[in-house]
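# Summary of the model geometry
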Amino acid sequence: MSAYWITTYKAVHDPDKVAAYAAIAGPALTAAGGTFLVRGMPEATFEKGETTRTVVIEFPSVEAAVAAHDSEAYQEALRALDGGADRDMRVVPGA
């Protein structure tokens, strides 16, 4: 069953670190089987929705998404981020 890696950016402290993270994370997650479905700011929000950058990546399974997170390639991206943003990340199984 597909799974979705959902990230919202609560605050960006260092745009350069976020850019460095993105340059490494995108290829790492794609190589791990992820498909980017959403990347950007919301066009509309409702019911206490936040106007924060949102990323949604589809993976073949929860296990694949967790393995992508734990991979050395993605851990390198996290080291590049180095506190440059506060994010909420979760993996949710598909319906």
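Here the structure is a predicted model, which is why all the values come from computation and not from measurement.

This next bit is on the layout of surface pockets. Approximately 180 Å³ is the volume attributed to the largest pocket. Lining the largest pocket are 15 residues, with Tyr9, Tyr21, Ala22, Phe36 and Val55 sitting closest to its centre. Of all elements in the fold, only β1 (3–12), α1 (15–31), β2 (35–40) and β3 (54–59) reach the threshold of two or more residues within the lining of the largest pocket. A breakdown of the residues in the lining of the largest pocket according to their chemical character gives 10 nonpolar, 2 polar and 3 charged.

As a further point, take the UniProt feature "domain: DUF1330" (unreviewed entry) in the chain. Per the UniProt record, "domain: DUF1330" (unreviewed entry) is annotated on residues 2–94. With 39% helix and 33% strand, the stretch residues 2–94 has end C-alpha atoms that lie 5 Å from each other.

Overall, antiparallel pairing links the 4 strands, which are arranged β2-β3-β1-β4 in an open sheet. Whereas interior strands pair on both sides, the edge strands pair on one side only; in this sheet they are β2 and β4 (85–93). Taking each pair of neighbouring strands and ignoring which way they run, the sheet shows an average axis angle of 15 degrees. Judged from the 9 bridges that link them, β1 and β4 form a sheet pairing that is antiparallel. By the bridge assignment for β4, Tyr9 is matched with Arg87. Along the sheet, helix α3 (residues 72–81) contacts β1 and β4; its crossing angle with β4, the most-contacted strand, is approximately 155 degrees.

Here the focus is helix α2 (residues 62–70). The complete set of buried residues in α2 reads Ala64, Ala65 and Ala68. With its buried residues spanning 100 degrees around the axis, α2 presents them on a single face. Seen from the open side of α2, the exposed residues pointing more than 90 degrees away from its buried face are Glu63 and Asp70. Looking at the buried residues of α2, the elements they touch are β1, α1, β3, α3 and β4.

The next subject is the pattern of salt bridges. Going through the model one piece at a time under the given rule, you end up with 4 salt bridges. With its nearest N and O atoms 2.8 Å apart, the salt bridge here joins Glu50 to Lys10. Remark: Lys10 occurs in strand β1 and Glu50 occurs in the loop between β2 and β3; sequence separation between them is 40 residues. Exposure remark for Lys10: the relative accessible area of 42% places this residue in the partly exposed category. Asp88 is the salt-bridge partner of Arg90, the closest N and O atoms lying 2.6 Å from each other. Residue class for Arg90 comes out partly exposed when judged on its relative accessible area of 44%. Taking relative accessible area as the criterion, Asp88 reaches 23% and is therefore assigned partly exposed.

Conventions we followed
Residues numbered from 1 in each chain as written. Predicted model: local features only at pLDDT ≥ 70, side-chain atom pairs only at ≥ 80, totals over all residues. Heavy atoms only, no water. 1 Å grid on protein atoms, 1.4 Å probe; cavity = no way out; pocket = protein on both sides within 12 Å on 5 of 7 lines; lining within 4 Å. Points joined across faces, edges and corners; volume = space filled by probe spheres on them. Helix = DSSP H or I, 4+ residues; strand = E, 2+ residues; numbered from the N terminus. Nonpolar A, V, L, I, M, F, W, Y, C, P; charged D, E, K, R; others polar. UniProt positions renumbered as here; feature names shortened; annotations may be inferred. Pairing = 2+ DSSP bridges. Axes fitted to C-alpha atoms, helices over the stretch in contact; angles between N-to-C directions. Contact = heavy atoms within 4.5 Å. Buried < 20%, exposed > 50% of the residue type's maximum accessible area, 1.4 Å probe, protein only. Arc of directions from axis to C-beta. Salt bridge = Lys/Arg side-chain N within 4 Å of Asp/Glu carboxyl O.

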